[in-house]
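# Reading the structure
Given next are the chains, with one letter for each unit.
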Amino acid sequence: MLNLKRFLKYRDTRPEFDEIKKSGSIGLPCVMINKGEHFIFEQSEIEEFINN
């Protein structure tokens, strides 16, 4: 429950989630890099992030 609350705090305050919230989605799954420095939502973005 604590991890969900932490995630929801990011989701509710970070612009990366604006489009997801507009569509009525929650925003899971995602990968968070370095305590919120970067959020990744798509598999292709993960591969791109790893390769850079």
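Refer to the structure presented above.
Definitions and limits used
- Residues numbered from 1 in each chain as written.
- Predicted model: local features only at pLDDT ≥ 70, side-chain atom pairs only at ≥ 80, totals over all residues.
- Heavy atoms only, no water.
- Helix = DSSP H or I, 4+ residues; strand = E, 2+ residues; numbered from the N terminus.
- Buried < 20%, exposed > 50% of the residue type's maximum accessible area, 1.4 Å probe, protein only.
- Contact = heavy atoms within 4.5 Å.
- Areas by Shrake-Rupley, 256 points an atom, 1.4 Å probe, with all protein chains shown as cover.
- Lys, Arg positive; Asp, Glu negative; His and termini not counted.
- Charge placed at Lys NZ, Arg CZ, Asp CG, Glu CD.
- Salt bridge = Lys/Arg side-chain N within 4 Å of Asp/Glu carboxyl O.
- Phe/Tyr/Trp six-rings, centres within 6.5 Å; stacked < 30°, edge-to-face > 60°.

### Regarding the overall build of the protein chain
Regarding its fold elements, the protein chain presents three helices and two strands. In the protein chain, the order of α-helices and β-strands from amino to carboxyl end is α-α-β-β-α. Projected onto the principal axes, the alpha-carbon positions of the protein chain cover approximately 30 × 25 × 15 Å. In the protein chain, which comprises 52 residues, the proportion classed as buried is 17%. Residue pairs in contact within the protein chain that sit at least 24 positions apart in sequence constitute 14% of those at least 6 positions apart. In the structure as shown, the protein chain presents an accessible area of about 4300 Å², 54% of it carried by carbon and sulfur atoms. In the protein chain, which carries 8 positive and 9 negative side-chain charges, the distance between the mean positions of the two groups comes to 14 Å.

### What to know about the environment of K9
The residue K9 is located in helix α1 (residues 2–13) in this model. Judged by its relative accessible area of 63%, K9 falls in the exposed class.

### Section: the pattern of salt bridges
Tallied over the full model, the rule gives four salt bridges. Ionic pairing is found between D12 and R11, a salt bridge with its closest N-O pair at 2.9 Å. Across the salt bridge formed by K22 and E19, the nearest N and O atoms sit 3.5 Å from each other. Taken as a pair, K22 and E19 lie in helix α2 (residues 18–22) at a separation of three residues, close to a single helical turn. Residue K22 shares its accessibility class with E19, and that shared class is exposed.

### As for the packing of aromatic side chains
Any pair of aromatic rings gets described here by the distance separating the centres and the angle formed by the planes. Counted according to the given criterion, the structure contains three aromatic pairs. Where Y10 meets F39, the ring centres are 5.6 Å apart and the plane angle is 65°; that geometry is what we call edge-to-face. Of this pair, Y10 sits in helix α1 while F39 sits in strand β2 (residues 38–40); the two residues are 29 residues apart in sequence, bridging distant segments of the chain. Judged by relative accessible area, which is 24%, Y10 ranks as partly exposed. One aromatic cluster in this structure is built from F7, Y10, F17 and F39.

### Observations regarding the side chain of R11
Checked against the element boundaries, R11 lands in helix α1. A residue is classified by how much of its surface remains accessible, and R11, at 17% relative accessible area, is buried.

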